[in-house]
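# Summary of structural features
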Amino acid sequence: GNSVTQMEGPVTLSEEAFLTINCTYTATGYPSLFWYVQYPGEGLQLLLKATKADDKGSNKGFEATYRKETTSFHLEKGSVQVSDSAVYFCALEASGGGADGLTFGKGTHLIIQP
Amino acid sequence: NAGVTQTPKFRVLKTGQSMTLLCAQDMNHEYMYWYRQDPGMGLRLIHYSVGEGTTAKGEVPDGYNVSRLKKQNFLLGLESAAPSQTSVYFCASTRQTGPRNTIYFGEGSWLTVV
């Protein structure tokens, strides 16, 4: 079956540091890949997505590139801010779209210190 | 535009009590989902629906029942609550599956079973 593995946290960084959160997946075909963010006490918000190999999703200074050869979708940001503190989830949707929704990683808690 | 609305937001139950969580969406979406979120486990699919009058089991369906009598509503029921069902529950919906699709999440319902 499909699965998503992401680095476990918490990840603690200083403001303006470079961020990488690793995500790898197992799936057949060409799934769509997503990063969701969950701020404290809130629901999940779509941060970015990529739907085919070599696509780069980007939003709010975050980027992730769909790498089919390494089955990865690592999240990066050049200079993090305190307001980026949240839990980040990598997820996939089966190739062609699956009725049973998304498969999520376990989440990475990011803490940015001033 | 309300999007996906969950009620109640917080609830404390005693073991053995029953309750229903309501999810309502105003986007005319066909697909609806119930997930639970537990520390270190990410989001796991409980049940889902691909249209009015349909339901299907997800990854962790035991102890829960669902109904989709109206297209805009997806109800999650706990007939006899157990402490293991203490969790944060998220509802989600989408118009259709596939790469152009976006899944929208509610803000979550915090349930504690004592």
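Here we summarise the structure given alongside this text.

Thresholds applied
Residues numbered from 1 in each chain as written. Chains lettered and ligands numbered in written order. Predicted model: local features only at pLDDT ≥ 70, side-chain atom pairs only at ≥ 80, totals over all residues. Heavy atoms only, no water. Helix = DSSP H or I, 4+ residues; strand = E, 2+ residues; numbered from the N terminus. Rg over C-alpha atoms; globule rule 2.2 N^0.38 Å. Buried < 20%, exposed > 50% of the residue type's maximum accessible area, 1.4 Å probe, protein only. Contact = heavy atoms within 4.5 Å. Areas by Shrake-Rupley, 256 points an atom, 1.4 Å probe, with all protein chains shown as cover. Lys, Arg positive; Asp, Glu negative; His and termini not counted. Charge placed at Lys NZ, Arg CZ, Asp CG, Glu CD. Disulfide = S-S within 2.5 Å. Pairing = 2+ DSSP bridges. Axes fitted to C-alpha atoms, helices over the stretch in contact; angles between N-to-C directions. Salt bridge = Lys/Arg side-chain N within 4 Å of Asp/Glu carboxyl O. Polar contact = N/O pair within 3.5 Å; in protein donor to acceptor, adjacent residues only side chain to side chain. Nonpolar A, V, L, I, M, F, W, Y, C, P; charged D, E, K, R; others polar. Core = buried A, V, L, I, M, F, W, Y, C linked by side-chain atoms within 4.5 Å.

Let us look at the overall build of chain B. Check the secondary structure of chain B and you find zero helices and 11 strands. Going residue by residue from the N terminus, the α and β elements of chain B occur as β-β-β-β-β-β-β-β-β-β-β. Its C-alpha radius of gyration of 13 Å places chain B within 12% of the 13 Å reference for a compact globule of 114 residues. Once the C-alpha set of chain B is aligned to its principal axes, its extents read approximately 40 × 30 × 25 Å. Expressed as a percentage of the 114 residues in chain B, the buried residues total 51%. A separation of at least 24 residues holds for 54% of the contacts in chain B among residues at least 6 apart in sequence. A total of about 5500 Å² of accessible surface is found on chain B, and carbon and sulfur atoms cover 51% of it. Of the charged side chains in chain B, 11 are positive and 8 negative; the average position of the first set lies 2 Å away from that of the second.

Right, let's get into the state of the cysteines. Residues and elements named next belong to chain A. Summed over the entire model, instances satisfying the criterion amount to two disulfides over all chains. Between the sulfur of Cys23 and that of Cys90 lies a disulfide, 1.9 Å long from S to S. Taking the sign of the S-S torsion, about -70° here, the bridge from Cys23 to Cys90 comes out left-handed. Of this pair, Cys23 sits in strand β4 (residues 23-26) while Cys90 sits in strand β10 (residues 86-93); the two residues are 67 residues apart in sequence, bridging distant segments of the chain. Look at Cys23 and you get buried, because its relative accessible area is 0%. Owing to a relative accessible area of 1%, Cys90 belongs among the buried residues under this scheme.

Residues and elements named next belong to chain A. Strand order across the open sheet formed by four strands is β3-β9-β8-β7, with antiparallel pairing between neighbours. Here the strands that pair on one side only, and so sit at the sheet edges, are β3 (19-21) and β7 (56-59). Each strand of the sheet is rotated relative to its neighbour by a mean of 20°, with strand direction disregarded.

How big an interface is tends to be expressed through the accessible area that disappears when the partners come together. On the side of chain B, 24 residues touch chain A, which itself brings 23 residues to the contact. Between chain A and chain B we count zero salt bridges in total. At the boundary of chain A and chain B, one finds three residue pairs in polar contact (both at pLDDT 80 or more). Among the elements that line the side of chain A that touches chain B, the one with the most residues is strand β5 (residues 32-38) of chain A, at four residues. In terms of residue class, the side of chain A that touches chain B is made up of eight nonpolar, 10 polar and five charged.

Following A:Gly9, the chain continues into A:Pro10 via a peptide bond in cis, with omega recorded as 0°. Tracing the sequence through the fold places A:Pro10 in the loop between β1 (3-6) and β2 (11-14). The omega torsion of the bond from B:Thr7 to B:Pro8 falls at -5°, within 30 degrees of zero and hence cis. Turning to its location among the elements, B:Pro8 is positioned in the loop between β1 (4-7) and β2 (10-13). At A:Lys60, a residue that is not glycine, the phi angle is positive and equals roughly 55°. Here A:Lys60 shows up in the loop between β7 and β8 (62-65).

Let us look at the pattern of salt bridges. Residues and elements named next belong to chain A. Applying the stated criterion across every chain yields a total of seven salt bridges over all chains. A salt bridge links Lys56 to Glu63; its shortest N-O distance comes to 3.7 Å. Residue Lys56 is classed as exposed on the basis of its relative accessible area of 52%. The partly exposed category is assigned to Glu63, whose relative accessible area is 33%.

Ranked by size, the top nonpolar core spans 26 residues in total, and within it A:Trp35, A:Leu47, A:Leu48, A:Phe73, A:Leu75 and A:Tyr88 carry the most contacts. When contributions to this core are tallied by element, the ones reaching two or more residues are β2, β3, β4, β5, β6 (44-50), β8, β10 and β12 (108-113) of chain A. Apart from the residues within four sequence positions on either side, A:Leu48 is in contact with A:Leu33, A:Phe34, A:Trp35, A:Gly57, A:Ser58, A:Asn59, A:Phe62, A:Glu63, A:Ala64, A:Phe73 and A:Leu75. Among the nonpolar cores identified, the runner-up in size contains 20 residues, and B:Trp34, B:Ile46, B:Leu76 and B:Tyr89 belong to it.

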